[in-house]
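One letter stands for each residue in the lines below.
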Amino acid sequence: MTRNSTASFFFNPELAAAEAYMDGTLTLEEGTTCHEFMTVVFLNIDPLDGYPVQAFLRRVWKVVERWQQKNDVERAKKSRSATITICRRISTGCF
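All values reported here derive from a predicted model rather than from experimental measurement.

What to know about the overall build of the protein chain
Each helix and strand in the protein chain was counted, giving six helices and zero strands. Ordered by position from N to C terminus, the α and β elements of the protein chain give α-α-α-α-α-α. If you take every contact in the protein chain between residues at least 6 apart in sequence, the share linking residues at least 24 apart comes to 32%.

What about the confidence of the model for the protein chain?
Confidence along the protein chain averages 77 in pLDDT terms, with 87% of residues attaining 70 or more. The weakest mean pLDDT in the protein chain belongs to helix H4 (residues 45–48) at 68; the strongest belongs to helix H5 (residues 52–68) at 81.

Section: the nonpolar core
Ranked by size, the top nonpolar core spans six residues in total: Ala-17, Ala-20, Leu-26, Phe-37, Val-41 and Ile-45. Among the elements of the structure, helix H2 (13–23) and helix H3 (34–43) are those that each provide at least two residues to this core. Apart from the residues within four sequence positions on either side, Leu-26 is in contact with Ala-17, Ala-20, Tyr-21 and Phe-37.

Looking at H2
Within H2, burial applies to Pro-13, Ala-16, Ala-17 and Ala-20. The buried residues of H2 occupy an angular sector of 100° when projected down its axis, which confines them to one face. One or two positions beyond H2, positive phi appears at Gly-24, with a value near 90°.

Basis of the calculations
- Residues numbered from 1 in each chain as written.
- Predicted model: local features only at pLDDT ≥ 70, side-chain atom pairs only at ≥ 80, totals over all residues.
- Heavy atoms only, no water.
- Helix = DSSP H or I, 4+ residues; strand = E, 2+ residues; numbered from the N terminus.
- Contact = heavy atoms within 4.5 Å.
- pLDDT = per-residue confidence, 0-100.
- Core = buried A, V, L, I, M, F, W, Y, C linked by side-chain atoms within 4.5 Å.
- Buried < 20%, exposed > 50% of the residue type's maximum accessible area, 1.4 Å probe, protein only.
- Arc of directions from axis to C-beta.

Structure representation (structure tokens):
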């Protein structure tokens, strides 16, 4: 594992494990299935909340996640407008 992936595992183990597997930086031993690996990962998620740092990071992550996914009316209008513009350019062949 790289130094960056080790930090990712500390801050967000669920996401880091999936990304490392998909990137190929996390390899499974011969004969181990992805299902077995995920079983071990999910069995160990709940105990992480017992560590004060992990509990704090999870609370912070939830706040950041809510902020990132916020889609108020103005933001939705901008997104819709940009999508319509792209669709018109594609349909006219003008890039």
